[in-house]
Amino acid sequence: MARAPATGGSGRRGRRVIGAEHVSEAHQRGRVVIEVLPGDIVTAQARESAERLKIRLVDGPLEKPAVVRTDGATAMRRTLYRRSPKWVAPRPQHTRNARRVRRLALVGAGGVGANIGHLAANADIADEIVLIDIAPGMAASVALDLNHASGVSRSRSRATGGTELSRVAGAEVIVVTAGRPRTPGMTRADLLDINRRIVRQAGEAIRAHAPDAIVIVVTNPLDEMTVEMLQATGFPRERVLGMAGTLDSSRFRNALALAAGVPVSDVEAITLGSHGDEMAPITSRARIRGRHLDRFLSPDQIAACVKDAVTGGGQVVALRKTGSAVLAPAHASIELIDHIRGARAGAVPASVMLRGEYGIEGVVLGVPCHLGASGLVEVEELDLSEAELAALRAAADAIRARLGGAATG
Ligand SMILES: NC(=O)c1ccc[n+]([C@@H]2O[C@H](COP(=O)([O-])OP(=O)(O)OC[C@H]3O[C@@H](n4cnc5c(N)ncnc54)[C@H](O)[C@@H]3O)[C@@H](O)[C@H]2O)c1
Ligand SMILES: O=C(O)C[C@H](O)C(=O)O
(Lines give C-alpha, C1' and ligand atoms only; values in the text may rest on other atoms or scores of the structure.)
(Ligands and ions follow the chains in the order given, each with its own letter.)
Protein backbone atom coordinates (compact mmCIF):
# COMPACT_ATOMS: atom_id res chain seq x y z
CA MET A 1 0.00 0.00 0.00
CA ALA A 2 1.27 3.49 -0.78
CA ARG A 3 1.55 6.52 1.52
CA ALA A 4 1.91 10.11 0.37
CA PRO A 5 4.23 12.51 2.25
CA ALA A 6 2.68 14.67 5.01
CA THR A 7 2.70 18.48 4.79
CA GLY A 8 2.72 21.00 7.68
CA GLY A 9 1.65 19.88 11.15
CA SER A 10 3.37 20.51 14.47
CA GLY A 11 3.32 17.38 16.55
CA ARG A 12 0.02 16.21 15.03
CA ARG A 13 0.04 14.26 11.78
CA GLY A 14 0.23 16.79 8.97
CA ARG A 15 -2.32 17.07 6.22
CA ARG A 16 -1.27 15.29 3.07
CA VAL A 17 -1.92 16.27 -0.47
CA ILE A 18 -2.15 13.17 -2.64
CA GLY A 19 -1.30 14.17 -6.17
CA ALA A 20 -1.05 12.39 -9.52
CA GLU A 21 2.69 11.86 -8.95
CA HIS A 22 1.97 9.78 -5.83
CA VAL A 23 -0.48 7.67 -7.77
CA SER A 24 2.00 7.10 -10.54
CA GLU A 25 4.74 6.23 -8.01
CA ALA A 26 2.39 3.75 -6.35
CA HIS A 27 1.66 2.25 -9.77
CA GLN A 28 5.37 1.89 -10.54
CA ARG A 29 5.83 0.06 -7.25
CA GLY A 30 3.06 -2.36 -8.19
CA ARG A 31 0.64 -1.06 -5.53
CA VAL A 32 -3.11 -1.28 -6.11
CA VAL A 33 -4.32 0.59 -3.03
CA ILE A 34 -3.59 4.06 -1.62
CA GLU A 35 -4.72 4.75 1.94
CA VAL A 36 -6.49 8.12 2.35
CA LEU A 37 -6.47 9.27 5.97
CA PRO A 38 -9.00 11.73 7.47
CA GLY A 39 -7.97 15.28 6.47
CA ASP A 40 -5.97 14.19 3.41
CA ILE A 41 -6.59 16.08 0.19
CA VAL A 42 -6.77 14.07 -3.02
CA THR A 43 -6.35 16.18 -6.16
CA ALA A 44 -8.66 15.72 -9.14
CA GLN A 45 -5.66 14.63 -11.25
CA ALA A 46 -4.80 12.00 -8.63
CA ARG A 47 -8.34 10.65 -8.79
CA GLU A 48 -8.20 10.53 -12.60
CA SER A 49 -4.81 8.76 -12.57
CA ALA A 50 -6.01 6.32 -9.94
CA GLU A 51 -9.04 5.42 -12.04
CA ARG A 52 -6.95 5.03 -15.18
CA LEU A 53 -4.28 2.91 -13.43
CA LYS A 54 -6.90 0.87 -11.52
CA ILE A 55 -5.54 1.95 -8.14
CA ARG A 56 -8.09 2.15 -5.33
CA LEU A 57 -8.19 5.16 -2.99
CA VAL A 58 -9.30 3.60 0.26
CA ASP A 59 -10.44 5.52 3.34
CA GLY A 60 -8.08 4.75 6.20
CA PRO A 61 -6.75 4.06 8.65
CA LEU A 62 -6.78 0.49 7.37
CA GLU A 63 -6.80 -2.40 9.79
CA LYS A 64 -3.32 -3.21 11.09
CA PRO A 65 -2.11 -6.83 11.02
CA ALA A 66 -3.12 -8.68 14.20
CA VAL A 67 -0.49 -8.86 16.92
CA VAL A 68 0.58 -12.47 17.30
CA ARG A 69 2.54 -14.07 20.09
CA THR A 70 5.89 -15.09 18.76
CA ASP A 71 9.17 -16.67 19.80
CA GLY A 72 12.40 -14.76 20.40
CA ALA A 73 14.01 -15.64 17.06
CA THR A 74 11.02 -14.47 15.02
CA ALA A 75 10.74 -11.30 17.11
CA MET A 76 14.42 -10.58 16.37
CA ARG A 77 13.90 -11.09 12.63
CA ARG A 78 10.89 -8.73 12.71
CA THR A 79 12.93 -6.10 14.57
CA LEU A 80 15.61 -6.37 11.89
CA TYR A 81 12.95 -5.94 9.25
CA ARG A 82 11.60 -2.79 10.90
CA ARG A 83 15.10 -1.31 10.83
CA SER A 84 15.57 -2.16 7.19
CA PRO A 85 13.19 -1.25 4.36
CA LYS A 86 13.75 -4.67 2.81
CA TRP A 87 11.21 -7.33 3.75
CA VAL A 88 12.71 -10.53 5.12
CA ALA A 89 10.34 -13.47 4.90
CA PRO A 90 10.13 -15.56 8.07
CA ARG A 91 12.01 -18.82 7.65
CA PRO A 92 9.85 -21.96 7.28
CA GLN A 93 9.32 -23.53 10.65
CA HIS A 94 11.93 -26.26 10.38
CA THR A 95 12.96 -27.83 13.67
CA ARG A 96 16.05 -29.53 14.92
CA ASN A 97 14.09 -32.50 16.26
CA ALA A 98 13.51 -34.34 12.98
CA ARG A 99 13.36 -38.13 13.17
CA ARG A 100 13.97 -40.47 10.25
CA VAL A 101 11.02 -42.69 9.38
CA ARG A 102 12.12 -46.27 9.84
CA ARG A 103 9.83 -47.77 7.20
CA LEU A 104 7.74 -45.67 4.81
CA ALA A 105 5.23 -47.63 2.70
CA LEU A 106 3.71 -46.23 -0.49
CA VAL A 107 0.60 -48.05 -1.69
CA GLY A 108 0.37 -47.05 -5.35
CA ALA A 109 3.58 -46.44 -7.29
CA GLY A 110 2.12 -44.46 -10.19
CA GLY A 111 2.62 -40.75 -10.81
CA VAL A 112 2.12 -39.47 -7.26
CA GLY A 113 3.46 -42.53 -5.41
CA ALA A 114 6.70 -42.72 -7.42
CA ASN A 115 7.32 -39.00 -6.95
CA ILE A 116 6.76 -39.25 -3.19
CA GLY A 117 9.31 -42.09 -3.20
CA HIS A 118 11.71 -39.94 -5.18
CA LEU A 119 11.41 -36.92 -2.87
CA ALA A 120 11.64 -39.09 0.26
CA ALA A 121 14.76 -40.88 -1.01
CA ASN A 122 16.40 -37.70 -2.19
CA ALA A 123 15.77 -35.97 1.16
CA ASP A 124 16.96 -39.14 2.89
CA ILE A 125 14.07 -39.09 5.38
CA ALA A 126 13.40 -42.85 5.63
CA ASP A 127 15.58 -45.90 6.25
CA GLU A 128 13.39 -48.06 4.06
CA ILE A 129 10.90 -47.12 1.33
CA VAL A 130 8.49 -49.90 0.40
CA LEU A 131 6.51 -49.46 -2.81
CA ILE A 132 3.41 -51.54 -3.60
CA ASP A 133 1.42 -51.49 -6.82
CA ILE A 134 -1.07 -53.91 -8.31
CA ALA A 135 0.47 -53.47 -11.79
CA PRO A 136 3.16 -56.18 -12.15
CA GLY A 137 6.69 -54.78 -12.19
CA MET A 138 5.57 -51.20 -11.50
CA ALA A 139 6.62 -50.88 -7.83
CA ALA A 140 9.71 -53.05 -8.25
CA SER A 141 10.90 -50.93 -11.21
CA VAL A 142 10.45 -47.66 -9.30
CA ALA A 143 12.31 -49.12 -6.31
CA LEU A 144 15.20 -50.25 -8.52
CA ASP A 145 15.29 -46.87 -10.24
CA LEU A 146 15.42 -45.07 -6.86
CA ASN A 147 18.24 -47.31 -5.64
CA HIS A 148 20.16 -46.64 -8.86
CA ALA A 149 19.99 -42.91 -8.09
CA SER A 150 21.53 -43.35 -4.64
CA GLY A 151 25.06 -43.52 -6.08
CA VAL A 152 24.59 -39.88 -7.07
CA SER A 153 22.28 -38.64 -4.32
CA ARG A 154 24.19 -40.60 -1.61
CA SER A 155 20.82 -41.24 0.01
CA ARG A 156 20.87 -43.94 2.69
CA SER A 157 17.22 -44.82 1.97
CA ARG A 158 16.77 -48.33 0.55
CA ALA A 159 13.78 -49.00 -1.69
CA THR A 160 11.98 -52.29 -2.32
CA GLY A 161 8.86 -52.96 -4.36
CA GLY A 162 6.23 -55.58 -5.19
CA THR A 163 2.55 -56.24 -5.74
CA GLU A 164 1.53 -57.72 -2.35
CA LEU A 165 -0.29 -55.40 0.06
CA SER A 166 1.17 -57.41 2.97
CA ARG A 167 4.43 -55.54 2.30
CA VAL A 168 3.03 -52.67 4.41
CA ALA A 169 3.92 -54.77 7.46
CA GLY A 170 5.92 -52.83 10.03
CA ALA A 171 5.50 -49.46 8.29
CA GLU A 172 5.38 -46.42 10.54
CA VAL A 173 3.83 -44.19 7.89
CA ILE A 174 1.81 -45.40 4.87
CA VAL A 175 0.81 -43.12 2.00
CA VAL A 176 -2.05 -44.44 -0.14
CA THR A 177 -2.19 -43.15 -3.72
CA ALA A 178 -3.61 -46.35 -5.23
CA GLY A 179 -6.53 -45.66 -7.52
CA ARG A 180 -7.60 -44.00 -10.73
CA PRO A 181 -6.85 -40.33 -11.46
CA ARG A 182 -9.44 -38.27 -13.31
CA THR A 183 -9.28 -37.28 -16.96
CA PRO A 184 -10.76 -34.22 -18.72
CA GLY A 185 -14.51 -33.89 -18.22
CA MET A 186 -14.49 -35.71 -14.87
CA THR A 187 -14.83 -34.29 -11.36
CA ARG A 188 -12.94 -35.87 -8.48
CA ALA A 189 -16.29 -37.07 -7.14
CA ASP A 190 -16.74 -39.15 -10.33
CA LEU A 191 -13.93 -41.39 -8.98
CA LEU A 192 -15.90 -42.27 -5.84
CA ASP A 193 -17.20 -45.70 -6.81
CA ILE A 194 -14.12 -46.96 -8.61
CA ASN A 195 -11.58 -45.83 -5.98
CA ARG A 196 -13.68 -46.72 -2.93
CA ARG A 197 -13.13 -50.44 -3.57
CA ILE A 198 -9.34 -49.97 -3.96
CA VAL A 199 -9.01 -47.88 -0.80
CA ARG A 200 -11.11 -50.34 1.18
CA GLN A 201 -8.86 -53.21 0.07
CA ALA A 202 -5.72 -51.22 1.03
CA GLY A 203 -7.28 -50.28 4.38
CA GLU A 204 -8.13 -53.88 5.24
CA ALA A 205 -4.54 -54.95 4.48
CA ILE A 206 -3.18 -52.08 6.61
CA ARG A 207 -5.41 -53.11 9.52
CA ALA A 208 -4.14 -56.68 9.24
CA HIS A 209 -0.42 -56.04 8.66
CA ALA A 210 0.40 -52.58 10.02
CA PRO A 211 -2.03 -51.98 12.88
CA ASP A 212 0.07 -49.19 14.42
CA ALA A 213 0.76 -47.19 11.26
CA ILE A 214 -0.22 -43.60 10.50
CA VAL A 215 -2.02 -43.53 7.16
CA ILE A 216 -1.98 -40.58 4.77
CA VAL A 217 -4.70 -40.88 2.12
CA VAL A 218 -4.11 -39.19 -1.24
CA THR A 219 -6.53 -41.08 -3.52
CA ASN A 220 -9.49 -39.03 -4.75
CA PRO A 221 -12.12 -37.98 -3.95
CA LEU A 222 -9.90 -37.17 -1.00
CA ASP A 223 -12.27 -36.41 1.85
CA GLU A 224 -14.56 -39.33 1.00
CA MET A 225 -11.61 -41.74 0.60
CA THR A 226 -10.30 -40.67 4.03
CA VAL A 227 -13.67 -41.68 5.50
CA GLU A 228 -13.38 -45.00 3.66
CA MET A 229 -9.89 -45.56 5.09
CA LEU A 230 -11.09 -44.75 8.63
CA GLN A 231 -13.84 -47.34 8.26
CA ALA A 232 -11.66 -50.02 6.64
CA THR A 233 -8.82 -49.76 9.17
CA GLY A 234 -10.94 -49.00 12.23
CA PHE A 235 -8.04 -46.74 13.28
CA PRO A 236 -8.65 -43.72 15.53
CA ARG A 237 -8.94 -40.37 13.76
CA GLU A 238 -5.45 -39.45 14.97
CA ARG A 239 -3.90 -42.01 12.58
CA VAL A 240 -5.86 -41.42 9.37
CA LEU A 241 -5.08 -38.13 7.62
CA GLY A 242 -6.06 -36.92 4.17
CA MET A 243 -3.60 -34.94 2.05
CA ALA A 244 -5.05 -32.07 0.04
CA GLY A 245 -4.87 -28.86 2.08
CA THR A 246 -1.08 -28.66 1.77
CA LEU A 247 -1.44 -28.93 -2.02
CA ASP A 248 -4.33 -26.48 -2.33
CA SER A 249 -2.57 -24.01 -0.01
CA SER A 250 0.59 -24.24 -2.11
CA ARG A 251 -1.44 -23.45 -5.23
CA PHE A 252 -3.15 -20.53 -3.45
CA ARG A 253 0.22 -19.09 -2.32
CA ASN A 254 1.62 -19.47 -5.81
CA ALA A 255 -1.35 -17.58 -7.32
CA LEU A 256 -1.10 -14.78 -4.73
CA ALA A 257 2.66 -14.43 -5.23
CA LEU A 258 2.28 -14.21 -9.00
CA ALA A 259 -0.53 -11.64 -8.76
CA ALA A 260 1.32 -9.46 -6.26
CA GLY A 261 4.68 -9.84 -8.02
CA VAL A 262 6.45 -11.08 -4.88
CA PRO A 263 8.40 -14.27 -4.14
CA VAL A 264 6.17 -17.04 -2.83
CA SER A 265 8.20 -17.05 0.41
CA ASP A 266 6.61 -13.67 1.20
CA VAL A 267 3.11 -15.17 1.15
CA GLU A 268 1.30 -16.95 3.98
CA ALA A 269 -2.05 -18.48 3.07
CA ILE A 270 -4.02 -21.67 3.62
CA THR A 271 -7.07 -23.36 2.19
CA LEU A 272 -9.48 -25.43 4.25
CA GLY A 273 -12.70 -27.34 3.56
CA SER A 274 -13.05 -30.02 0.93
CA HIS A 275 -10.61 -30.94 -1.83
CA GLY A 276 -13.19 -30.12 -4.47
CA ASP A 277 -15.53 -27.39 -5.56
CA GLU A 278 -16.29 -26.57 -1.91
CA MET A 279 -12.64 -25.76 -1.16
CA ALA A 280 -12.30 -22.73 1.14
CA PRO A 281 -9.20 -20.56 0.52
CA ILE A 282 -8.97 -18.49 3.70
CA THR A 283 -8.47 -14.90 2.55
CA SER A 284 -9.12 -13.33 5.97
CA ARG A 285 -5.92 -14.83 7.37
CA ALA A 286 -3.77 -14.66 4.24
CA ARG A 287 -0.84 -12.25 4.34
CA ILE A 288 1.63 -10.87 1.83
CA ARG A 289 4.77 -9.57 3.53
CA GLY A 290 2.84 -9.73 6.78
CA ARG A 291 0.04 -7.47 5.47
CA HIS A 292 -3.57 -8.10 4.51
CA LEU A 293 -4.11 -9.02 0.87
CA ASP A 294 -5.95 -5.78 0.06
CA ARG A 295 -2.72 -3.86 0.56
CA PHE A 296 -1.37 -5.52 -2.57
CA LEU A 297 -4.30 -6.84 -4.56
CA SER A 298 -7.67 -5.60 -5.74
CA PRO A 299 -10.83 -7.59 -4.84
CA ASP A 300 -10.93 -8.89 -8.43
CA GLN A 301 -7.32 -10.07 -8.22
CA ILE A 302 -7.99 -11.80 -4.88
CA ALA A 303 -11.06 -13.50 -6.36
CA ALA A 304 -8.97 -14.67 -9.33
CA CYS A 305 -6.36 -16.19 -6.96
CA VAL A 306 -9.10 -18.00 -5.02
CA LYS A 307 -10.45 -19.38 -8.30
CA ASP A 308 -6.97 -20.43 -9.37
CA ALA A 309 -6.51 -22.43 -6.16
CA VAL A 310 -9.90 -24.12 -6.52
CA THR A 311 -9.42 -24.99 -10.20
CA GLY A 312 -5.66 -25.73 -10.07
CA GLY A 313 -6.05 -29.51 -10.17
CA GLY A 314 -8.49 -29.29 -13.10
CA GLN A 315 -6.11 -27.03 -15.01
CA VAL A 316 -3.41 -29.72 -14.88
CA VAL A 317 -5.91 -32.42 -15.90
CA ALA A 318 -7.02 -30.33 -18.90
CA LEU A 319 -3.42 -30.00 -20.10
CA ARG A 320 -2.23 -33.49 -19.29
CA LYS A 321 -5.32 -35.30 -20.59
CA THR A 322 -4.37 -38.81 -19.38
CA GLY A 323 -4.23 -38.09 -15.65
CA SER A 324 -3.74 -35.43 -13.00
CA ALA A 325 -0.98 -33.52 -11.20
CA VAL A 326 1.83 -35.55 -9.64
CA LEU A 327 4.71 -33.24 -8.66
CA ALA A 328 3.03 -30.68 -6.40
CA PRO A 329 0.92 -33.47 -4.78
CA ALA A 330 4.12 -35.38 -3.97
CA HIS A 331 5.70 -32.30 -2.34
CA ALA A 332 2.49 -31.67 -0.43
CA SER A 333 2.48 -35.27 0.85
CA ILE A 334 6.09 -34.94 2.02
CA GLU A 335 5.06 -31.82 3.95
CA LEU A 336 2.68 -33.94 6.05
CA ILE A 337 5.37 -36.61 6.61
CA ASP A 338 7.75 -33.86 7.70
CA HIS A 339 5.27 -32.68 10.31
CA ILE A 340 4.77 -36.24 11.55
CA ARG A 341 8.50 -36.87 11.89
CA GLY A 342 9.03 -33.57 13.68
CA ALA A 343 10.97 -31.84 10.89
CA ARG A 344 8.42 -29.01 10.75
CA ALA A 345 6.43 -27.34 13.47
CA GLY A 346 3.17 -25.40 13.54
CA ALA A 347 -0.27 -26.12 12.11
CA VAL A 348 -0.64 -27.59 8.65
CA PRO A 349 -3.88 -28.18 6.73
CA ALA A 350 -4.93 -31.85 6.65
CA SER A 351 -8.24 -33.64 6.25
CA VAL A 352 -9.34 -35.27 9.49
CA MET A 353 -12.55 -36.52 11.07
CA LEU A 354 -14.03 -33.56 12.97
CA ARG A 355 -15.34 -33.94 16.50
CA GLY A 356 -17.13 -30.65 17.00
CA GLU A 357 -14.27 -28.42 15.85
CA TYR A 358 -15.58 -25.43 13.86
CA GLY A 359 -19.03 -26.58 14.99
CA ILE A 360 -18.84 -29.63 12.67
CA GLU A 361 -19.26 -33.21 13.79
CA GLY A 362 -18.65 -36.59 12.18
CA VAL A 363 -17.29 -35.68 8.75
CA VAL A 364 -13.78 -35.52 7.28
CA LEU A 365 -12.74 -32.00 6.28
CA GLY A 366 -9.53 -30.03 5.71
CA VAL A 367 -8.60 -28.06 8.84
CA PRO A 368 -5.35 -26.76 10.39
CA CYS A 369 -3.75 -29.60 12.35
CA HIS A 370 -0.79 -30.04 14.66
CA LEU A 371 0.84 -33.37 13.84
CA GLY A 372 3.42 -35.48 15.62
CA ALA A 373 4.85 -38.98 16.00
CA SER A 374 1.40 -40.42 16.74
CA GLY A 375 -0.41 -38.51 14.00
CA LEU A 376 -2.98 -35.83 14.78
CA VAL A 377 -2.15 -34.02 18.01
CA GLU A 378 -4.74 -31.25 17.83
CA VAL A 379 -7.03 -29.43 15.42
CA GLU A 380 -6.35 -25.70 15.62
CA GLU A 381 -9.50 -23.59 15.63
CA LEU A 382 -8.72 -20.35 13.85
CA ASP A 383 -10.85 -17.23 14.04
CA LEU A 384 -12.53 -17.27 10.66
CA SER A 385 -14.94 -14.85 9.03
CA GLU A 386 -18.65 -15.76 8.99
CA ALA A 387 -18.42 -16.42 5.24
CA GLU A 388 -15.46 -18.78 5.72
CA LEU A 389 -17.22 -20.68 8.50
CA ALA A 390 -20.27 -20.97 6.28
CA ALA A 391 -18.03 -22.33 3.49
CA LEU A 392 -16.67 -25.02 5.84
CA ARG A 393 -20.19 -26.04 6.83
CA ALA A 394 -21.27 -26.14 3.18
CA ALA A 395 -18.26 -28.36 2.38
CA ALA A 396 -19.18 -30.71 5.24
CA ASP A 397 -22.78 -30.94 3.96
CA ALA A 398 -21.61 -31.65 0.40
CA ILE A 399 -19.32 -34.49 1.55
CA ARG A 400 -22.08 -35.98 3.69
CA ALA A 401 -24.44 -35.84 0.71
CA ARG A 402 -21.92 -37.52 -1.61
CA LEU A 403 -21.39 -40.32 0.88
CA GLY A 404 -25.13 -40.72 1.31
CA GLY A 405 -24.97 -40.37 5.07
CA ALA A 406 -22.01 -42.73 5.47
CA ALA A 407 -19.71 -39.86 6.48
CA THR A 408 -20.34 -40.17 10.16
CA GLY A 409 -17.47 -41.59 12.14
N1 LIG B 1 -5.34 -35.62 -2.67
C2 LIG B 1 -4.73 -34.96 -3.63
O3 LIG B 1 -4.44 -33.78 -3.49
C4 LIG B 1 -4.35 -35.67 -4.89
C5 LIG B 1 -3.39 -35.14 -5.73
C6 LIG B 1 -3.05 -35.85 -6.87
C7 LIG B 1 -3.64 -37.07 -7.15
N8 LIG B 1 -4.58 -37.54 -6.33
C9 LIG B 1 -5.22 -38.84 -6.55
O10 LIG B 1 -4.25 -39.85 -6.30
C11 LIG B 1 -4.57 -41.01 -7.06
C12 LIG B 1 -3.34 -41.48 -7.82
O13 LIG B 1 -2.95 -40.54 -8.77
P14 LIG B 1 -1.72 -40.88 -9.74
O15 LIG B 1 -1.52 -39.71 -10.61
O16 LIG B 1 -0.59 -41.41 -8.95
O17 LIG B 1 -2.38 -42.06 -10.60
P18 LIG B 1 -1.60 -43.23 -11.37
O19 LIG B 1 -2.59 -43.89 -12.26
O20 LIG B 1 -0.37 -42.71 -11.98
O21 LIG B 1 -1.17 -44.22 -10.20
C22 LIG B 1 -2.10 -44.94 -9.46
C23 LIG B 1 -1.50 -46.31 -9.23
O24 LIG B 1 -2.36 -47.04 -8.36
C25 LIG B 1 -2.20 -48.40 -8.73
N26 LIG B 1 -3.29 -49.22 -8.17
C27 LIG B 1 -4.56 -49.30 -8.59
N28 LIG B 1 -5.24 -50.17 -7.81
C29 LIG B 1 -4.38 -50.64 -6.89
C30 LIG B 1 -4.47 -51.55 -5.81
N31 LIG B 1 -5.62 -52.18 -5.53
N32 LIG B 1 -3.37 -51.79 -5.07
C33 LIG B 1 -2.20 -51.18 -5.34
N34 LIG B 1 -2.05 -50.30 -6.37
C35 LIG B 1 -3.13 -50.03 -7.11
C36 LIG B 1 -2.18 -48.38 -10.24
O37 LIG B 1 -1.61 -49.55 -10.78
C38 LIG B 1 -1.34 -47.13 -10.51
O39 LIG B 1 0.02 -47.44 -10.72
C40 LIG B 1 -5.75 -40.61 -7.94
O41 LIG B 1 -6.96 -41.03 -7.34
C42 LIG B 1 -5.69 -39.10 -7.95
O43 LIG B 1 -6.93 -38.50 -8.21
C44 LIG B 1 -4.95 -36.88 -5.21
O1 LIG C 1 -7.24 -32.68 -9.73
C2 LIG C 1 -7.13 -33.88 -9.52
O3 LIG C 1 -7.96 -34.72 -9.92
C4 LIG C 1 -5.92 -34.40 -8.80
C5 LIG C 1 -5.65 -33.71 -7.52
O6 LIG C 1 -6.75 -33.76 -6.68
C7 LIG C 1 -5.17 -32.30 -7.69
O8 LIG C 1 -5.75 -31.40 -7.09
O9 LIG C 1 -4.20 -32.11 -8.43
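These numbers come from a predicted model, not from an experiment.

(A) Structural detail: the confidence of the model for the protein chain. Here the protein chain averages 90 in pLDDT, and 88% of its residues register 70 or above. Here residues 6–12 is modelled with pLDDT under 50, and outside its nearest four sequence neighbours on either side it reaches 8 contacts, counting other chains as well. Per the prediction output, this complex has pTM 0.82; the corresponding ipTM is 0.99.

(B) The arrangement of the site of ligand 2 in detail. Close contacts around ligand 2 come from R182, R188, N220, L247, R251, H275, G313, S324 and A325, and that covers them all. Between an oxygen atom of ligand 2 and a side-chain N or O atom of N220, the distance comes to 2.8 Å. In isolation ligand 2 offers 260 Å² of accessible surface; the protein chains occlude 95% of this area. Assessed atom by atom at 2 Å from the grid points, ligand 2 resides in the second largest pocket. In the shell around ligand 2, the residues fall into 2 nonpolar, 4 polar and 3 charged. Looking at which domains feed residues into the shell around ligand 2, each of domain 2 (101–240) and domain 3 (245–402) gives three or more.

(C) Representation of the pattern of salt bridges within the structure. Tallied over the full model, the rule gives 21 salt bridges. Here D124 and R156 are joined by a salt bridge, their closest N and O atoms 3.0 Å apart. Note that D124 is positioned in the loop between α4 (111–122) and β7 (126–132) and R156 in the loop between α5 (138–153) and β8 (158–162), a separation of 32 residues in sequence. The closest approach of N and O atoms between R341 and D338, which form a salt bridge, is 2.8 Å. With respect to class, R341 is no different from D338; both count as buried. Among the charged side chains, a network of salt bridges with common partners joins D193, R196, R200, E204 and E228.

Cut-offs used in this document
Residues numbered from 1 in each chain as written. Chains lettered and ligands numbered in written order. Predicted model: local features only at pLDDT ≥ 70, side-chain atom pairs only at ≥ 80, totals over all residues. Heavy atoms only, no water. pLDDT = per-residue confidence, 0-100. Contact = heavy atoms within 4.5 Å. Near = heavy atom within 4 Å. Polar contact = N/O pair within 3.5 Å; in protein donor to acceptor, adjacent residues only side chain to side chain. Areas by Shrake-Rupley, 256 points an atom, 1.4 Å probe, with all protein chains shown as cover. 1 Å grid on protein atoms, 1.4 Å probe; cavity = no way out; pocket = protein on both sides within 12 Å on 5 of 7 lines; lining within 4 Å. Sits in = over half its atoms within 2 Å of the grid points. Nonpolar A, V, L, I, M, F, W, Y, C, P; charged D, E, K, R; others polar. Domains from an automatic or database assignment. Salt bridge = Lys/Arg side-chain N within 4 Å of Asp/Glu carboxyl O. Helix = DSSP H or I, 4+ residues; strand = E, 2+ residues; numbered from the N terminus. Buried < 20%, exposed > 50% of the residue type's maximum accessible area, 1.4 Å probe, protein only.

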